[in-house]
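# Results of the structural survey
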There are 2 protein chains.
Amino acid sequence: MLAEIITIGDEILIGQIVDTNSAWMARKLNAEGIRVKQVSSVSDNKEHILKALAEAAGRADIILITGGLGPTKDDITKLTLAEYFNVGLVLNNDALKNVENIFKKYNRPLLEVNHKQAEVPENCEIIQNNNGTAPGMWFNVDGKIYVSMPGVPFEMMYMMEDTVIPKLKTILKLPVILHKTILTVGEGESFLAEKIADIENDLPENIKLAYLPKMGQVRLRLSAYGDSETGLREKLEQFTARIVERVGHNVVAQEDIPLEKVILNFMAGKGLTLSVAESCTGGYVSHLITQHEGSSQVFFGGAVTYSYDLKENVLGVKNETLYQFGAVSRETATEMVEGALRQFKSDYAVAITGIAGPGGGTEDKPVGTVWIAVANANKTVVKKFTFGNKRIQNIERSAVAAFFMLITLLKES
Amino acid sequence: MLAEIITIGDEILIGQIVDTNSAWMARKLNAEGIRVKQVSSVSDNKEHILKALAEAAGRADIILITGGLGPTKDDITKLTLAEYFNVGLVLNNDALKNVENIFKKYNRPLLEVNHKQAEVPENCEIIQNNNGTAPGMWFNVDGKIYVSMPGVPFEMMYMMEDTVIPKLKTILKLPVILHKTILTVGEGESFLAEKIADIENDLPENIKLAYLPKMGQVRLRLSAYGDSETGLREKLEQFTARIVERVGHNVVAQEDIPLEKVILNFMAGKGLTLSVAESCTGGYVSHLITQHEGSSQVFFGGAVTYSYDLKENVLGVKNETLYQFGAVSRETATEMVEGALRQFKSDYAVAITGIAGPGGGTEDKPVGTVWIAVANANKTVVKKFTFGNKRIQNIERSAVAAFFMLITLLKES
């Protein structure tokens, strides 16, 4: 089964935004056995959109469209779809109710342009937008399915997960695809590939292995294809078990969840608590943790100690330590993590201090030098890392390294 | 002058990678007055690529192609281009020398597949690749320019900057395009549209206005097209000034930078310092600030006080306040922000406490209730917000609201 994605909006074509929607949608579709044939980004121009729709319908059976549904003049997707299907627009009461509720909630007057957002081509079913005013639209015409969704990522994502994917699954006869993800940290893609080469060679035709590397982590994704689930799950689990055993301690999870969620799940299960002391990561580690619901069960909080003063006053790092060894040192990292344990009274703590760059590097402490410490009441582990010269990547890699150190300490305790 | 971008490779279509190249290329092209008509991502499939090339050439004069130039079997761009132009492949000596040098540098034996990387369609000029083995290719056929480049971002970027853009500028007579971005916070797209409807109506044919909304912010982007800069910049500035005046205090910047960068620039310019006290945003505000280089000039750090204990011990919030009014209250937000000023000794502080959700809501304090405080030595401003029920969005919207309150306080001080 083939799909195409059309993204509408000048903001992609002038490079103002990066199209992250398409990759997300492609992953979701692939997980259900639907291949994406082409992704096309086109401008807010009627003729251009009409042409893109016709071309896509010539290649695929499912056409997913995002963008161009806002209330302003330059958003013309809806009118263009009506013209494409040669139908008129009608006011949809459910969509109108949704718009009215949103405006009521925020105590705003409903303008004429907002009212218009509830008008849709008469041959569509609307997809309720629980996160915004523009309804999604589902068309089933001449054996092809067209779905138009807003370009705002979270509005599109909820529609895809709540409505579009479930509906596609009930309408289409899709093959059975089972996925299994093994999350590994601390080893590169080619090293892992070499380590499990023989297992990969043993894989049957209908099980594929993909390496998905990202910032110090590699996800190994096994996908098994078949007509029924019988036998398929067992085979998948067998190969998963072989890979997990071979890769050893670099495996941190056997499900597709973020690294910090592995920690939250583990610690919540054991009733353990965590605090952090961040310098160069500047709040990023805390943010990764607290973006997950229920994190307050484990996470007490922490300090972002960018200045010397905060390191001393909030964490109790000694002034001599900072001046003798520097803020980026084994000694400071150690005092930071032990200060966090003491001040914040958590079972475990993480501390990170480094030079994110691009400024601040010296000959013996170049940009990318990061000291990370993890500790509990009985043990403190400190390590030095040397990352690259890109600020954002240094922040991200520091977080991954810190989480991996914490997982290792948690497992041995 | 119109261009199209074709990205070749299955990794985009299965959602393994996000296509960031296209946005970058589009920005570069736009800055030179070349509009991108369409971006198409197609698979490593000869027929599909041939069709995409023909379609693109039907719409545009410049076709930029990335990807599919690696040494492996599934990289077929070069053979497909030769077939498209109906020519053979020839060994290019400059390209071969480049490949040989790279292998010599890394002390690797040159394999047959690597040798093949120096073969190119006989009707192209090569573009030397200073960062990899695959040469770029420049074709000028029937008045259309085709450029094929590697998909590896930095290899493509160097080719674009060093060769492709300069060469396009010498060959083509390009129009002038000027952009101006007005960053607004705190008003919705439709409200803004209504507010400036008459100004928008006054815009001449050659100045376009786009609304780019994102999480409580709307960027208003004016693009002016012309044959020369004379008069164009003035006209653009006139309309910018009219819009800025009309929109009033919701305008926070007249350049295209992130909201927190507006604050950092302003505070750095005045030698002011900042600290934060975050509860429901859990480090996100700190992270947004510290992702920018040079933020340490302004930012001292702060506390992520998820627990009652940390609110008391780190920020000095009174125990009675927490128990009498709750952690999510005007009183707690006030004590948090004043505690941050006192403990962290910064000129300004921001405090955020709320219920990010999905759990933790009550009847009078539903999920999405957030109290935000900003303060300097003379003034504390506290406001209550009622966002929605999505955790990540509550975090993001809280950050935007806090930054807007801080900008407002900074401006009036």
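The name that an unreviewed UniProt entry assigns to chain A is CinA-like protein, with the source organism given as Mucilaginibacter rigui. Recorded in UniProt under Sequence similarities (unreviewed entry), the annotation for chain A is "Belongs to the CinA family."

This brings us to the overall build of chain A. The number of helices and strands found in chain A is 16 helices and 17 strands. For chain A, the spread of C-alpha atoms along the three principal axes comes to 75 × 60 × 40 Å. Here chain A holds 413 residues, and the buried ones make up 56% of them. Looking at chain A alone, contacts between residues at least 24 apart form 68% of all its contacts between residues at least 6 apart.

Along its sequence, chain A is organised into domain 1 (2-171), domain 2 (176-253) and domain 3 (259-412). Using only C-alpha atoms to locate each centre, domain 1 of chain A and domain 3 of chain A end up separated by 43 Å.

Attention now goes to the packing of helix α11 (residues 259-270) of chain B against helix α16 (residues 391-412) of chain B. Residue and element names in this part refer to chain B. Packing of α11 against α16 brings their axes to within 10 Å, and their N-to-C directions diverge by 30 degrees. In terms of axis orientation, α11 runs roughly parallel to α16. Crossing of α11 against α16: the hand is left-handed. Residues Leu-259, Glu-260, Val-262, Ile-263, Phe-266 and Met-267 of α11 form the contact with α16, whose own contacting residues are Val-400, Phe-403, Leu-406, Ile-407 and Leu-410. Here the residues of the contact of α11 with α16 sort into 10 nonpolar, no polar and one charged.

All names here are of chain B. Reading across the sheet, the four strands line up as β10-β11-β9-β12 and stay open at both edges, with antiparallel pairing between neighbours. Of all the strands in the sheet, the pair left with one neighbour each is β10 (207-214) and β12 (251-253). Adjacent strand axes in the sheet meet at a mean angle of 30 degrees, parallel and antiparallel pairs treated alike. Pairing geometry for strand β9 (residues 176-185) and strand β11 (residues 217-226), over 10 bridges, is antiparallel. Opposite Leu-178, over in β11, you have Ala-224 as the bridge partner. Across the sheet, helix α10 (residues 232-247) is in contact with β9, β10, β11 and β12; its angle to β9 comes to roughly 10 degrees.

Attention shifts here to the environment of A:Ala95. Residues and elements named next belong to chain A. Examined against the element boundaries, Ala-95 turns out to sit in helix α5 (residues 93-105). Once the C-alpha coordinates of Ala-95 and Asn-131 are considered, the two residues, 36 residues apart in sequence, prove to be 12 Å apart. Those residues within four positions of Ala-95 in sequence are excluded, and the remaining contacts are Ala-118, Ile-126, Gln-128 and Pro-135.

With an omega of 0 degrees, the peptide bond running from A:Gly357 to A:Pro358 counts as cis. Backbone geometry places B:Met215, a non-glycine residue, at a positive phi of 50 degrees. For B:Met215, the position within the fold is in the loop between β10 and β11.

The next thing to look at is the pairing of strand β2 (residues 35-42) of chain A. All names here are of chain A. Across the eight residues of β2, seven count as buried, placing the element largely inside the fold. Bridge analysis of strand β1 (residues 2-8) against β2 gives seven bridges, and the strand direction is parallel. Bridge assignment links Ala-3 to a residue of β2, and that residue is Val-36.

Glancing now at the pattern of salt bridges. All names here are of chain B. Evaluation of the coordinates by the stated rule reveals 31 salt bridges over all chains. Of the charged contacts, one joins Glu-335 and Lys-318 as a salt bridge, the two residues approaching to 3.4 Å between their closest N and O atoms. Note that Glu-335 is positioned in helix α15 (residues 330-344) and Lys-318 in the loop between α13 (308-315) and α14 (319-325), a separation of 17 residues in sequence. For Glu-335, a relative accessible area of 17% puts it in the buried group. You can call Lys-318 partly exposed: its relative accessible area is 43%.

Our next topic: the side chain of A:Thr321. Residues and elements named next belong to chain A. Relative to the assigned elements, Thr-321 resides in helix α14 (residues 319-325). Among the polar contacts listed, one links the side chain of Thr-321 to the side chain of Glu-335, at a separation of 2.5 Å. Once residues lying within four places of it in the same chain are set aside, the contact partners of Thr-321 are Gly-326, Glu-331, Thr-332 and Glu-335.

Strand order in the open sheet formed by 10 strands is β17(A)-β16(A)-β15(A)-β13(A)-β14(A)-β14(B)-β13(B)-β15(B)-β16(B)-β17(B), with mixed pairing between adjacent strands. Two strands bound the open sheet, and with one partner strand each, they are β17 (380-386) of chain A together with β17 (380-386) of chain B. Each strand axis lies, on average, 10 degrees off the axis of its neighbour in the sheet, ignoring direction. Where strand β16 (residues 369-375) of chain A and β17(A) come together, seven bridges link them in antiparallel fashion. By the bridge assignment, A:Val370 is partnered in β17(A) with A:Phe385. Each of β13 (274-278), β15 (348-354), β16 (369-375) and β17 of chain B touches α16(B); the most contacted strand, β16(B), lies at about 30 degrees to it.

Moving on: the nonpolar core. Counting residues in each nonpolar core, the largest one holds 46 residues, and the members touching the most others are A:Val314, A:Leu315, A:Phe344, B:Val314, B:Leu315 and B:Phe344. Of all elements in the fold, only α13 (308-315), α15 (330-344), β15 (348-354) and β16 of chain A together with α13, α15, β15 and β16 of chain B reach the threshold of two or more residues within this core. Apart from the residues within four sequence positions on either side, B:Val314 is in contact with A:Val314, A:Phe344, B:Ala303, B:Gln343 and B:Phe344.

Here we take up the pairing of β16(A). Residues and elements named next belong to chain A. Counting buried positions over the seven residues of β16 gives seven, a clear majority of the element. Of the two faces of β16, the one holding Thr-369, Trp-371, Ala-373 and Ala-375 and the one holding Val-370, Ile-372 and Val-374 are both buried throughout. Across six bridges, β15 lies against β16 in antiparallel orientation. Among the inter-strand pairings, Ala-351 is bridged to a residue of β16, identified as Ala-373. The loop that links β16 with its antiparallel partner β17 comprises four residues.

Moving on, we come to the interface of chain B and chain A. Contacts between the two partners involve 81 residues from chain B, matched on the other side by 76 residues from chain A. Interface area for chain B against chain A, summed over the two sides, is near 5,900 Å², with a carbon-plus-sulfur share of 54%. Across the chain B-chain A interface, the total number found is three salt bridges. For B:Glu187, the salt bridge identified is with A:Arg108, shortest N-O distance 3.3 Å. For the interface between chain B and chain A, the tally reads 30 residue pairs in polar contact (both at pLDDT 80 or more). Each residue belonging to the side of chain B that touches chain A can be placed in one class, and the counts come to 30 nonpolar, 32 polar and 19 charged.

The rules behind the values
Residues numbered from 1 in each chain as written. Chains lettered and ligands numbered in written order. Predicted model: local features only at pLDDT ≥ 70, side-chain atom pairs only at ≥ 80, totals over all residues. Heavy atoms only, no water. UniProt positions renumbered as here; feature names shortened; annotations may be inferred. Helix = DSSP H or I, 4+ residues; strand = E, 2+ residues; numbered from the N terminus. Buried < 20%, exposed > 50% of the residue type's maximum accessible area, 1.4 Å probe, protein only. Contact = heavy atoms within 4.5 Å. Domains from an automatic or database assignment. Axes fitted to C-alpha atoms, helices over the stretch in contact; angles between N-to-C directions. Parallel < 35°, antiparallel > 145°, perpendicular 65-115°, else oblique. Left-handed = near helix turned anticlockwise from the far one by under 90°. Nonpolar A, V, L, I, M, F, W, Y, C, P; charged D, E, K, R; others polar. Pairing = 2+ DSSP bridges. Salt bridge = Lys/Arg side-chain N within 4 Å of Asp/Glu carboxyl O. Polar contact = N/O pair within 3.5 Å; in protein donor to acceptor, adjacent residues only side chain to side chain. Core = buried A, V, L, I, M, F, W, Y, C linked by side-chain atoms within 4.5 Å. Buried area = accessible area lost by both parts, 1.4 Å probe.

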